[in-house]
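Here's the letter readout for the chains.
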Protein chains: 4
Amino acid sequence: MAKSRMAPGEEDLAPRYRDVRALSEALAAGLSDADATVQSMADASPAKWHLAHSSWFFETFVLRDHAADYQPFDPRFAYLFNSYYEGEGPRHARPLRGLLTRPSLDDILRYRAHVDAALLAALPDMGAQAQTLVALGLHHEQQHQELLLTDIQHLFSINPLEPALFDAPNDMPAALPGPIHWIEGRQGLVEIGDDGRTDFAFDCEGPRHKALLHPHALAHRPVTNAEWISFIDDGGYRDPAHWLSDGWAWVQAEGIEAPLYWRHEPQGWTRFGLDGRKPVNPAAPVCHISLYEADAYARWAGARLPTEEEWESGAQNVAPISGNQLDGPTCPRPQATDGGAALTRMFGDVWEWTGSAYRPYPGFQADEGAVGEYNGKFMSGQFVLKGGSCATPRGHVRASYRNFFYPHQRWQFTGLRLAKDL
Amino acid sequence: MAKSRMAPGEEDLAPRYRDVRALSEALAAGLSDADATVQSMADASPAKWHLAHSSWFFETFVLRDHAADYQPFDPRFAYLFNSYYEGEGPRHARPLRGLLTRPSLDDILRYRAHVDAALLAALPDMGAQAQTLVALGLHHEQQHQELLLTDIQHLFSINPLEPALFDAPNDMPAALPGPIHWIEGRQGLVEIGDDGRTDFAFDCEGPRHKALLHPHALAHRPVTNAEWISFIDDGGYRDPAHWLSDGWAWVQAEGIEAPLYWRHEPQGWTRFGLDGRKPVNPAAPVCHISLYEADAYARWAGARLPTEEEWESGAQNVAPISGNQLDGPTCPRPQATDGGAALTRMFGDVWEWTGSAYRPYPGFQADEGAVGEYNGKFMSGQFVLKGGSCATPRGHVRASYRNFFYPHQRWQFTGLRLAKDL
Amino acid sequence: MAKSRMAPGEEDLAPRYRDVRALSEALAAGLSDADATVQSMADASPAKWHLAHSSWFFETFVLRDHAADYQPFDPRFAYLFNSYYEGEGPRHARPLRGLLTRPSLDDILRYRAHVDAALLAALPDMGAQAQTLVALGLHHEQQHQELLLTDIQHLFSINPLEPALFDAPNDMPAALPGPIHWIEGRQGLVEIGDDGRTDFAFDCEGPRHKALLHPHALAHRPVTNAEWISFIDDGGYRDPAHWLSDGWAWVQAEGIEAPLYWRHEPQGWTRFGLDGRKPVNPAAPVCHISLYEADAYARWAGARLPTEEEWESGAQNVAPISGNQLDGPTCPRPQATDGGAALTRMFGDVWEWTGSAYRPYPGFQADEGAVGEYNGKFMSGQFVLKGGSCATPRGHVRASYRNFFYPHQRWQFTGLRLAKDL
Amino acid sequence: MAKSRMAPGEEDLAPRYRDVRALSEALAAGLSDADATVQSMADASPAKWHLAHSSWFFETFVLRDHAADYQPFDPRFAYLFNSYYEGEGPRHARPLRGLLTRPSLDDILRYRAHVDAALLAALPDMGAQAQTLVALGLHHEQQHQELLLTDIQHLFSINPLEPALFDAPNDMPAALPGPIHWIEGRQGLVEIGDDGRTDFAFDCEGPRHKALLHPHALAHRPVTNAEWISFIDDGGYRDPAHWLSDGWAWVQAEGIEAPLYWRHEPQGWTRFGLDGRKPVNPAAPVCHISLYEADAYARWAGARLPTEEEWESGAQNVAPISGNQLDGPTCPRPQATDGGAALTRMFGDVWEWTGSAYRPYPGFQADEGAVGEYNGKFMSGQFVLKGGSCATPRGHVRASYRNFFYPHQRWQFTGLRLAKDL
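- The name recorded for chain A in an unreviewed UniProt entry is Ergothioneine biosynthesis protein EgtB, from Sphingobium herbicidovorans.
- The annotation that UniProt attaches to chain A under Pathway (unreviewed entry) is "Amino-acid biosynthesis; ergothioneine biosynthesis."

1. A closer look at the relation of the copies chain C and chain A
Moving on, step 1. Mapping chain C onto chain A calls for a rotation angle of 180° and an axial translation of 0.0 Å; the resulting RMSD is 0.0 Å. In short, the pair behaves as if placed about a two-fold rotation axis. In terms of proximity to the rotation axis, the leading residue of chain C is Gly381(C), whose C-alpha is 2.5 Å off the axis.
Moving on, step 2. A high fraction, 100%, of the interface residues of chain C reappear at the interface in chain A, so the copies pair face to face through one surface.

2. Side note on helix H5 (residues 128-157) of chain B
Moving on, step 1. End to end, H5(B) covers 44 Å across 30 residues, agreeing with the expected 44 Å (1.5 Å per residue, within 8%).
Moving on, step 2. Taken across its 30 residues, H5(B) has 26 buried, putting it largely inside the fold.

3. Remarks on the sheet that holds strand S12 (residues 403-405) of chain C
Residue and element names in this part refer to chain C.
Moving on, step 1. Strand order across the open sheet formed by four strands is S12-S11-S10-S13, with mixed pairing between neighbours. Every other strand in the sheet has two partners, leaving S12 and strand S13 (414-415) as the edge strands with one partner each.
Moving on, step 2. Sheet topology places strand S11 (residues 383-386) next to S12; three bridges connect them, and they run antiparallel. The residue bridging Leu385 from the neighbouring strand is Asn403, located in S12.

4. Side note on the UniProt feature "domain: Sulfatase-modifying factor enzyme-like" (unreviewed entry) in chain A
Residues and elements named next belong to chain A.
Moving on, step 1. Those places that UniProt annotates as "domain: Sulfatase-modifying factor enzyme-like" (unreviewed entry) correspond, in this numbering, to residues 187-316 and 343-420.
Moving on, step 2. Secondary structure across residues 187-316 comprises 28% helix and 23% strand; the distance between its end C-alpha atoms is 14 Å.
Moving on, step 3. With 0% helix and 23% strand, residues 343-420 has its two end C-alpha atoms placed 14 Å apart.

5. Examining the sheet that holds strand S8 (residues 268-273) of chain B
Residue and element names in this part refer to chain B.
Moving on, step 1. If you trace the three strands from one edge of the open sheet to the other, you get S7-S8-S9, paired in antiparallel fashion. Unpaired on one side and paired on the other, strand S7 (262-265) and strand S9 (276-279) mark the two borders of the sheet. Along the sheet, successive strands turn relative to each other by an average axial angle of 30°, direction set aside.
Moving on, step 2. Pairing between S8 and S9: four bridges, direction antiparallel.

6. Quick word on the arrangement of the chains
Moving on, step 1. Taking C-alpha atoms as the reference, chain B and chain C come no closer than 15 Å and do not contact one another.
Moving on, step 2. Between chain A and chain D there is no contact; the minimum C-alpha to C-alpha separation amounts to 15 Å.

7. Quick look at the packing of helix H1 (residues 14-27) of chain D against helix H2 (residues 47-66) of chain D
Residue and element names in this part refer to chain D.
Moving on, step 1. Where H1 contacts H2, the two axes come as close as 10 Å, and the packing angle between them is 155°. Relative to H2, H1 is oriented roughly antiparallel. The element H1 and its partner H2 pack so that their crossing is left-handed. Along the contact surface, H1 presents Tyr17, Arg21 and Ser24, while H2 presents Leu51, Ser54, Ser55 and Phe58.
Moving on, step 2. When grouped by side-chain class, the residues that make up the contact of H1 with H2 number three nonpolar, three polar and one charged.

8. Looking at the side chain of His396(D)
Residue and element names in this part refer to chain D.
Moving on, step 1. You can see His396 is positioned in the loop between strand S11 (383-386) and strand S12 (403-405).
Moving on, step 2. Judged by relative accessible area, His396 falls into the buried class, the value being 1%.
Moving on, step 3. Within the structure, His396 has its side chain in polar contact with the side chain of Gln142 (distance 2.9 Å).
Moving on, step 4. The contact partners of His396, leaving out residues within four places of it in the chain, are His139, Gln142, Gln143, Phe202 and Tyr401.

9. Quick look at the environment of Glu205(A)
All names here are of chain A.
Moving on, step 1. Topologically, Glu205 is positioned in the loop between strand S4 (200-201) and strand S5 (209-213).
Moving on, step 2. Considering only alpha carbons, one finds Glu205 and Leu176, 29 residues apart in sequence, at a separation of 35 Å.
Moving on, step 3. Sequence-distant contacts of Glu205, that is, excluding residues within four places in its chain, are made with Gly193, Asp194, Tyr361, Arg398, Ser400, Tyr401 and Arg402.
Moving on, step 4. Here Arg398 takes part through its side chain, which lies 2.7 Å from a polar atom of the side chain of Glu205.

10. Side note on unusual backbone geometry
Moving on, step 1. Following Arg102(B), the chain continues to Pro103(B) via a peptide bond in cis, the omega torsion being -5°.
Moving on, step 2. Residue Pro207(D) follows Gly206(D) across a cis peptide bond; omega there is 0°.
Moving on, step 3. Here Pro207(D) lies in the loop between strand S4 (200-201) and strand S5 (209-213).
Moving on, step 4. Phi is positive for Asp69(A), close to 60°, though the residue is something other than glycine.
Moving on, step 5. Positionally, Asp69(A) belongs in the loop between helix H2 (47-66) and helix H3 (77-80).

11. Details of the packing of helix H1 (residues 14-27) of chain A against helix H5 (residues 128-157) of chain A
Residues and elements named next belong to chain A.
Moving on, step 1. The geometry of H1 relative to H5 is characterised by a closest axis approach of 10 Å and an angle of 15° between their N-to-C directions. Considered as vectors, H1 and H5 are oriented roughly parallel to each other. When the axes of H1 and H5 are compared, the crossing they make is left-handed. Taking contact as the criterion, the partners of Arg16, Tyr17, Val20, Arg21, Leu23, Ser24 and Leu27 in H1 are, on H5, Val134, Leu138, His139, Glu141, Gln142, Gln145, Leu148 and Leu149.
Moving on, step 2. Here the contact of H1 with H5 is composed, by residue class, of eight nonpolar, four polar and three charged.

12. So, the environment of Arg277(A)
Residues and elements named next belong to chain A.
Moving on, step 1. Along the polypeptide, Arg277 turns up in strand S9 (residues 276-279).
Moving on, step 2. Under the relative-accessibility criterion, Arg277 is labelled partly exposed at 22%.
Moving on, step 3. Considering only alpha carbons, one finds Arg277 and Ser157, 120 residues apart in sequence, at a separation of 8.7 Å.
Moving on, step 4. Those residues in contact with Arg277, other than ones at most four positions away along the chain, are Glu162, Tyr261, Trp262, Arg263, Glu265, Thr270, Arg271 and Phe272.
Moving on, step 5. Among the polar contacts made by the side chain of Arg277, one reaches the main-chain carbonyl oxygen of Tyr261 at a distance of 3.3 Å.
Moving on, step 6. A distance of 2.8 Å separates a polar atom in the side chain of Arg277 from a polar atom in the side chain of Thr270.

So, how was this worked out
Residues numbered from 1 in each chain as written. Chains lettered and ligands numbered in written order. Predicted model: local features only at pLDDT ≥ 70, side-chain atom pairs only at ≥ 80, totals over all residues. Heavy atoms only, no water. UniProt positions renumbered as here; feature names shortened; annotations may be inferred. Least-squares fit on C-alpha atoms with pLDDT ≥ 70 in both. Contact = heavy atoms within 4.5 Å. Helix = DSSP H or I, 4+ residues; strand = E, 2+ residues; numbered from the N terminus. Expected span 1.5 Å × (residues − 1). Buried < 20%, exposed > 50% of the residue type's maximum accessible area, 1.4 Å probe, protein only. Pairing = 2+ DSSP bridges. Axes fitted to C-alpha atoms, helices over the stretch in contact; angles between N-to-C directions. Parallel < 35°, antiparallel > 145°, perpendicular 65-115°, else oblique. Left-handed = near helix turned anticlockwise from the far one by under 90°. Nonpolar A, V, L, I, M, F, W, Y, C, P; charged D, E, K, R; others polar. Polar contact = N/O pair within 3.5 Å; in protein donor to acceptor, adjacent residues only side chain to side chain.

Printed below as a string of structure tokens:
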């Protein structure tokens, strides 16, 4: 039985299943067959692949074992749409995903309908173990919803025509948020990790355990674009003293001078987003930065990145719906001029880089079987991000959620919040 | 005035224009938007790109200068669909062609219709220079018709589903052609190059000039798959003594063991083609081999490759419609059991590698202006191929035609005919 | 004033300076001019470079500022022998170090003598800050002594002649150590980091801070070659279930089947060392493994790697001279059949991989100035190793010492000790 | 019997053997053990390797088969010092040659003495076939003498200290040669290739055969540095119209702006040579250019490169000792202000790029056995150079000599002479 956990209230899964699956298709509604096929870089996957792979997950881990007489839509899809589950046999090489012009987007939508019909028919008779796998599959699909958006944004960004997936007006002028207020965090022993009170948690969020916090404070809000432009203008990208050694090598090798998707034009900085190319909004949180950039900025600012324990402890009393999540074409949106009396925008807006390497929590045990390849095997070389972004589906994120990426990656909606020692 | 030449009989270009343009669209009729968008390797281009670039050629070199008040369909296309004409300004990088999911295939078909309408309207009033450029553009488009097919074949070949562009039955059993007969060629001084009697010739085919032929003979037919299998079975791919040094390095680095698209299966060799995966037909000419393989085979067989002068001299009395050209889904087709009294299958079937490097003919001068970048600038590192293939449009090839590719390339319909010294 | 710390007892530095500097030259005594010049891979440096760079350190950080009228031996050496100190200006690219056939090894020995004379002359008049920098330079040089040995071993290993730097008999037959005994560690809050009681500590070892340990035990000894061969024989290198995702990709891409320097021969496994190629000694600790291999082995064995806090806490009561350090040509040596009542061989023999990413301790501040680039800027992507090896100079290691390498690197003397949750 | 040919007058080989072998060692006399060991790029080889490989040639092709009871100096050298003779079994990979710090330079000199003693002892009793192989080995060694110099020059050039192998004063001021005079060449059928009247010829120089020359003229002298600077100043490296397509890609990818070893300094252009860094001498032939550069210059100048047949025909009446060959440290030297009535400096000074791809002469047959791998297998992708250079040993070059390199290579002493159609 998988340790990824589902709470009792979640037991009638059918409506939630329908909602999540429908959202994936809604997000892809503006895509052509070609848009959904192409892979713009090895880190990204085609939209069609996201739509198919999330269905393969249900087919492989639920229907195959828990739905009597299930007939696969096409037996060749097991090879085409396995992502990285070694336990499930060989698979199509990741960098070649974008060469699969067949099956078509329409074929994949038929594949989804086939899986949906079978799963919804089987669901009433499923036991708890199978239902837990369905819940896992839905959270898995939500992750791919965010990836579908980040990957399409990347694909469109390298098209000289710079198409937009969504229409949106330019941001309204917004007052700049005031200066950072430092919110003192708890000290000493705190409890961290999945507390069993949310509807669901991945295996890597547990077990619940004690952690020791040293005296520290967190900024009440993320760093803004206006602040980032000050870093650029101060030569932040050209002074090695701010940078981790690997980060400086990356800056030099890639010629990095600004966040991903930014361009310096005569009238000022612009950025590319799902709504096309627009002026950089000074009041919005900075987005599409690597861990290296986040760390360099923090050092330049005389601060540091929070640890994941500091961040999670601080977030435990903040409602996870407090920020902008997947609810509009502009992403991220300008910040209000929050008062600064408490931590704001911990959830949504931008994934916040922490200074913590993604490693197992004390006592961590991966789920058993192929599903157990889900999180544990990625625990080297990556850093933890917290809090979700403006592209994270509502209901998906929580304080104990641990996202992880390599320190040079920045096509996700990544930003930062400063921390300091007290 | 371009030196690429058009004969007087060609003067009423409109019907020919309509036919050539229609054929491009017919060849692409079986492609989805995604099929037409993806680029399977740097050497290949998307079908959509071929359809657009051949239209860009007319727009740039004919309509812009020779059609009053011509309005470009989309001014951004000049950047997107220039191939390599430095004189026409910057262009989209070749390896990124497959990332352009927009404009869509439908957009490109509209672009073609726009160009066609403008060109056909302007054609009656065009002078000789402009008409010559139109003729050049049609021959250019025919080249891209063949490339469209070879590029789609490559794309489909790396899809594990191995889709077919055309339906076709398996080849009928065919009698193996008999042994090679050696046809003695002319000796001494011969005339080579564009003789002004064909409807059209590219600049690199001229000027007509004398060449000196040493005593030699050509095989009356190309090498067959059956003969190639003997080469494989004799360890031809494992013995460095047969290979050019660069070729042996290529065999080792790439793990080459058979022609491109061949696979060894329990029941024997199969090959992938535009009609899907089928058994290798022993009676058909071997196809999809590199110059390195052709040269190694010839050495193994105690022969050599013909020079381009030997080949062209031999072909001067052979009708260019004698072989299989673009007229059916199976490509190449089995060879008849020709008698062997004369050179057969010089045209069509497979492009025949010669042992001649692609260098300028004595007295060669490139066309002037950007059109002059068409042929001359490729004259290093490539070898000449002669005779056209089963994917070459009818009416496109002639004895003086000089095709050229790098010695490791083999996704074209490439084969060989042996030669020897007398 | 640098935070790298030196204790009062260390104040008469001259004899220690002479000893350390002499050892470097003794280690290089068996090298030819060519041996000392060549760089066998980008991770390694030439022996000549190690001898010069450790002198450059004294010249740049001590003599330039703290010795009146010091004349550099050759002003061009500042460019040639800077390793990575961005604050000290441009430097010769690391992968090109092995192309510097001039200056010769003899030139470098003269350079060392020049620096030594100046430093020993200036030492009596130096203040505490300069003396601390001298002490730092000596510990820095000891690090390069170990690197000199690992780099020469790598260079000699890829020479088909497989020369030995040192002569040594084959290991005497040794009884295999008995099974692992699990030594329970402290729980709850412990103190970690530089405690100010050793003669010296690097900046990254501090500040002293509290850490929280969860119930755990450590193996009383490192994993042996005999145990590692069981892992190999059980298919450990071929089963992705044991491996981190990055580790499995590395195994596949590099074709890894055994520790570095091992070779399977008809009579069994051999390994290459500074004493040439010899049979693998089953009783010796396994050596030259990556973090990926260590982690896979631990998972296969039903255990895990220790955290650096667990390891350091366990080592705090073990004398740092308990194992084999730089004192003989065979490295590492067979283990005695220790009783198992306590942690043994924590120091020397092999650097032990921990499961902890190399990140700053709470409250860490780097040294100021260019010297401060010494440790902090490497805090991404690397893992901590503890305890020193058979190539670590005596007097160099201590419980708080934090060594760090990337998870794929294994040309250092790296091994592992198992841990488990209680 | 090898077809590489030796004339009767050459039969007493002993004095010539001694001279050639001694020159190799004299050229290497200024090298340290490290200088002789390091390989600066994959195209180059270590000096030690050249000294050893040329000895291996005698050991393998002469002593092994033609000297009774010959004992190899070290049987492992057969693996280490085979260059590319597949017929002689596996060999050490070319890019790893520079990692062999053992055997030392002294070891190699002992190896040479061992081979010399055995060969000189056996020579009196050798038959014609063996003597022909000795003559071939001497010409082979002369080729490696030139390569030894070009490879050391490259190695020293990338050392920031820029050491000189030879001392030499700056060039004396020299009058610029006057403008080019065009010397009309023969037309119609001429005889080309080894005529049997020189002491020796490689297999690829034959057979003697007729070639057809079209009306043309050659410049009476090579292009000078002064003329090349005009090309640079006219933007020659920045205008794609002058360049072959592959050449332009190379210019862009490598950032080429001038010949190899040139540097623009405040006082003007300098170049690095075996005599160190010196000002570019305007009167000297331009040197260290690629075929791409030569071809671009010729097009810019309204001319073209000569074919190898034109060049050889023109050279047939010029004495091969007319130019500067290996006889001084400055290479190449300024040109005299030759009158222009005849072809001058055809031999020596710089290897002259031709526009001819290196392909077999009509009727070419390679030597049999492993020796036959000497020339024929390189006949793809390379261009022919003629005439020898200032680093070619006296007595080595002749009109029929065919040197060959890839079009991007320029670390040899390569220049050009213009040709044009008449």
